[in-house]
Amino acid sequence: MSAPEAQIERPAPPARKGGAAALGWILTIGLNVVAPIITYHQLRDHGWSAFAALLLSSVWPVLDSAVNLAWRRKLDEFAVVTLVFLVITAVVSLIGAHSARALLIKDSGVTGLFGLLCLATLLAPRPLMFYFGRKFATDGTPASTAWWNGLWQYEGFRRTMTVMTTVWGVAYLVEAGVRIALAFVVDTDTMVVVSPVMIYTVLGCLGVWTAMYGKRSQAEGERRAAEAAAEADAGASAA
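Residues numbered from 1 in each chain as written. Predicted model: local features only at pLDDT ≥ 70, side-chain atom pairs only at ≥ 80, totals over all residues. Heavy atoms only, no water.

1. Topic: the overall build of the protein
If you tally the helices and strands in the protein, you get 10 helices and zero strands. For the protein, the α and β elements follow one another from N to C terminus as α-α-α-α-α-α-α-α-α-α. If you sum the accessible surface of the protein, you get close to 13,100 Å²; carbon and sulfur atoms cover 71% of it. (Helix = DSSP H or I, 4+ residues; strand = E, 2+ residues; numbered from the N terminus. Areas by Shrake-Rupley, 256 points an atom, 1.4 Å probe, with all protein chains shown as cover.)

2. Regarding the side chain of threonine 165
With respect to the secondary-structure elements, threonine 165 resides in helix α9 (residues 155–185). With a relative accessible area of 0%, threonine 165 lands in the buried category. At 2.8 Å, the side chain of threonine 165 forms a polar contact with the backbone oxygen of methionine 161. When residues no more than four places from it in sequence are discounted, the contact partners of threonine 165 are Cys118, Leu119, Thr121, Leu122, Pro127, Leu128 and Met129. (Buried < 20%, exposed > 50% of the residue type's maximum accessible area, 1.4 Å probe, protein only. Polar contact = N/O pair within 3.5 Å; in protein donor to acceptor, adjacent residues only side chain to side chain. Contact = heavy atoms within 4.5 Å.)

3. Comments concerning the confidence of the model for the protein
In the predicted model, the protein carries a mean pLDDT of 76, and the fraction of residues at 70 or more is 62%. Overall, residues 1–9 carries pLDDT values under 50, and its contacts beyond four positions in sequence, including any with other chains, amount to 18 contacts. (pLDDT = per-residue confidence, 0-100.)

4. A word on the packing of aromatic side chains
If you walk through the whole model with that rule in mind, you get 10 aromatic pairs. On the numbers, 5.1 Å between centres and 85 degrees between planes, the contact of tryptophan 148 with phenylalanine 157 is edge-to-face. The class of tryptophan 148 is buried, set by a relative accessible area of 8%. Looking at phenylalanine 157, the relative accessible area reads 5%, which means it is buried. Three or more aromatic residues link up through ring pairs in this structure, and these residues are Phe130, Tyr131, Trp147, Trp148, Trp152 and Phe157. (Phe/Tyr/Trp six-rings, centres within 6.5 Å; stacked < 30°, edge-to-face > 60°.)

5. Things to note about helix α7 (residues 128–137)
Within α7, seven of the 10 residues are buried, which leaves it mostly tucked inside the rest of the structure. Considered for burial, the residues of α7 that qualify are Leu128, Met129, Phe130, Phe132, Gly133, Arg134 and Lys135.

Here is the structure:
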């Protein structure tokens, strides 16, 4: 953390609007998680191919992006990533053979591609976790969004977002590699159970680690800011 940053206390987040936050979360979860899953399974039950069902399911994140553009005049990066993830899944489903083992390997390939996406954004102006953090740490209002965007000026905050994105990317690459290896050494019936357990276990562990690391980084920043302020006060008193 640089000296100029340590002497400036980070601004506290603005008060969150409960109604706006609740509505935003309902739309986000409903259009990006619930609706695509229901749509996919309903279409599959009615004889649609996996590719067609996945492709049509991606309409919901597009709708979420349209709602955000109309409501808040900005694009929702979370919906964009969800859309990209669905499209990648649909494309991967077309590649290669369609045996049970091949499908398990393709499924692992999707999470591996997400890991690569995380690492690729390290070369972008802001890493992926910055946008995910803004989605989950704010209520989407202009004030809370401006607060989150303003944190980028602090070197410690930038480092935190970079570390989070790196850990997520590496973790999903490792997870994908392990699941692909297991698909060749474990029987299919067992792997059908193991695969989703691994997916949600990794996701849960990453979620817990992210929350703990974020709080620790914030506490460290506040501690250094307090120390710098105390040293400045002591210097002023001595003068």
